[in-house]
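Analysis of the macromolecular model
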Amino acid sequence: MLDNKTPDLVTFEYYPHWDTLLGTSLHTTAATFTEDAATITGQGKVYIVNEFGWDRTDWKSQADLQQVLDTLVKDPNVSGDDFWALQAHLDNFGFQPIPANVSNVPYAETGESGQWWALYYPGVTTLVNTAEDMAQRSQQLRAHAYAMAGVSVPHHMIPRRPVITSIVIGGLIAWRGSAGAVRYSIERKDAGSANWKIVCDHCATEADDPWPDPRPIFLGAQYRVTAWNADGEPSEPSEPR
């Protein structure tokens, strides 16, 4: 393929997760990227890492992942990269479900499942990853994206105001999540009152959506939701509902 003059660029996918399945002699390391990049660019073609795994089944520790990310940034033969795979919010509440989902822990660790490769920002617990580890690795990937672009890492963006999608009588509040949010606060305004009262102070995450008001007002109450980013900066409150 490298002798073929038609392709201008070559892309590879890197998942140490599959090394054992593909053969015991294979072992993907940070050096693998450098070796492949040199081979491809040596043939006058552009080298891009089409996909790479980010989780602990690919790189055991956050330090191991950082070594890979640093290698990609420093190697002039690497023109770009992308990890697999960032998941989105659903329109009503919560996140997209885990792709290729499984319930068997050993298979989740070694087989094909979003339990190991699906990334939810800022982090959720799966059968393979803890929310804390996913959150830390997502910040590594964020910093890496800016490093590849050659710019300094900015402050986290202010999240868009959430959208309350439903309120069930009894105080069960659901909202569409905001990209970049790590926490949510919820306020309630009771019937006849002009003041908003905080009933959930930074207490909710995507895992708590819908959120049950522990002391609901059954008639006439309104709610609004505020998203907070990793720098502790708030969005505008949602439209009351």
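Cut-offs used in this document
- Residues numbered from 1 in each chain as written.
- Predicted model: local features only at pLDDT ≥ 70, side-chain atom pairs only at ≥ 80, totals over all residues.
- Heavy atoms only, no water.
- Pairing = 2+ DSSP bridges.
- Helix = DSSP H or I, 4+ residues; strand = E, 2+ residues; numbered from the N terminus.
- Expected span 1.5 Å × (residues − 1).
- Buried < 20%, exposed > 50% of the residue type's maximum accessible area, 1.4 Å probe, protein only.
- Arc of directions from axis to C-beta.
- Contact = heavy atoms within 4.5 Å.
- Patch = residues over 30% accessible without salt bridge, like charges linked within 9 Å, V, L, I, M, F, W, Y side chains within 5 Å.
- Areas by Shrake-Rupley, 256 points an atom, 1.4 Å probe, with all protein chains shown as cover.
- Salt bridge = Lys/Arg side-chain N within 4 Å of Asp/Glu carboxyl O.
- Phe/Tyr/Trp six-rings, centres within 6.5 Å; stacked < 30°, edge-to-face > 60°.
- Disulfide = S-S within 2.5 Å.

1. Regarding the sheet that holds strand E8 (residues 211-212)
Strand order in the open sheet made by the 3 strands is E4-E5-E8, with antiparallel pairing throughout. Of all strands in the sheet, those bounded by a partner on one side alone are strand E4 (163-168) and E8. Direction of pairing for strand E5 (residues 172-176) relative to E8: antiparallel, over a ladder of 2 bridges. What sits directly across from Ile-173, in E8, is Trp-211.

2. Topic: helix H3 (residues 62-74)
In a regular helix each residue adds 1.5 Å, so 13 residues correspond to 18 Å; H3 covers 18 Å between its end C-alpha atoms and thus fits that length. Residues of H3 that are buried: Leu-65, Val-68, Leu-69, Thr-71 and Leu-72. Along the axis of H3, the buried positions cluster into a sector of 155 degrees, meaning they face one direction only. Across H3 from its buried face, at more than 90 degrees, point the exposed residues Ala-63 and Lys-74. Elements that come into contact with the buried residues of H3 comprise helix H2 (30-41), strand E2 (46-52), strand E3 (78-83) and helix H6 (131-149).

3. Some points on a nonpolar patch on the surface
The grouping of Val-168, Ile-169, Leu-172, Phe-218 and Leu-219 at the surface amounts to a nonpolar patch, some 570 Å² of accessible area in total. Mapped onto the secondary structure, Ile-169 falls in the loop between E4 and E5. Note on Ile-169: relative accessible area 74%, which makes it exposed.

4. Re the pairing of strand E9 (residues 222-228)
Most of E9 sits inside the fold, with 5 of its 7 residues counted as buried. Pairing between strand E6 (residues 183-189) and E9: 7 bridges, direction antiparallel. Of the residues in E9, the one forming a bridge with Ile-186 is Val-225.

5. Digging into the packing of aromatic side chains
The tally for this structure, following the rule as stated, stands at 9 aromatic pairs. The interplanar angle of 40 degrees and the centroid separation of 6.3 Å between the aromatic rings of Phe-33 and Trp-59 together place this pair among those described as tilted. Residue Phe-33 is found in helix H2, and its partner Trp-59 is found in the loop between E2 and H3; the two are separated by 26 residues along the sequence. Residues Phe-33 and Trp-59 agree in their burial class; the two are buried. Ring geometry for Trp-84 against Trp-117: centres 5.9 Å apart, planes inclined by 50 degrees, an arrangement best described as tilted. Separated by 33 residues along the polypeptide, Trp-84 in the loop between E3 and helix H4 (105-110) and Trp-117 in helix H5 (residues 114-117) bring together distant segments of the chain. A relative accessible area of 37% means that Trp-84 is categorised as partly exposed. Connected via pairs of aromatic rings, a cluster forms that spans Phe-12, Tyr-14, Phe-33, Tyr-47 and Trp-59.

6. Brief notes about the state of the cysteines
In total, this model carries 1 disulfide according to the counting rule given. Shown here is the disulfide that connects Cys-200 with Cys-203, its sulfur atoms set 1.9 Å apart. Between Cys-200 and Cys-203, the S-S torsion sits near -115 degrees, and that sign places the bridge as left-handed. Of the residues examined, Cys-200 reaches a relative accessible area of 1% and is grouped as buried. Residue classification places Cys-203 among the partly exposed residues on the basis of a relative accessible area of 34%.

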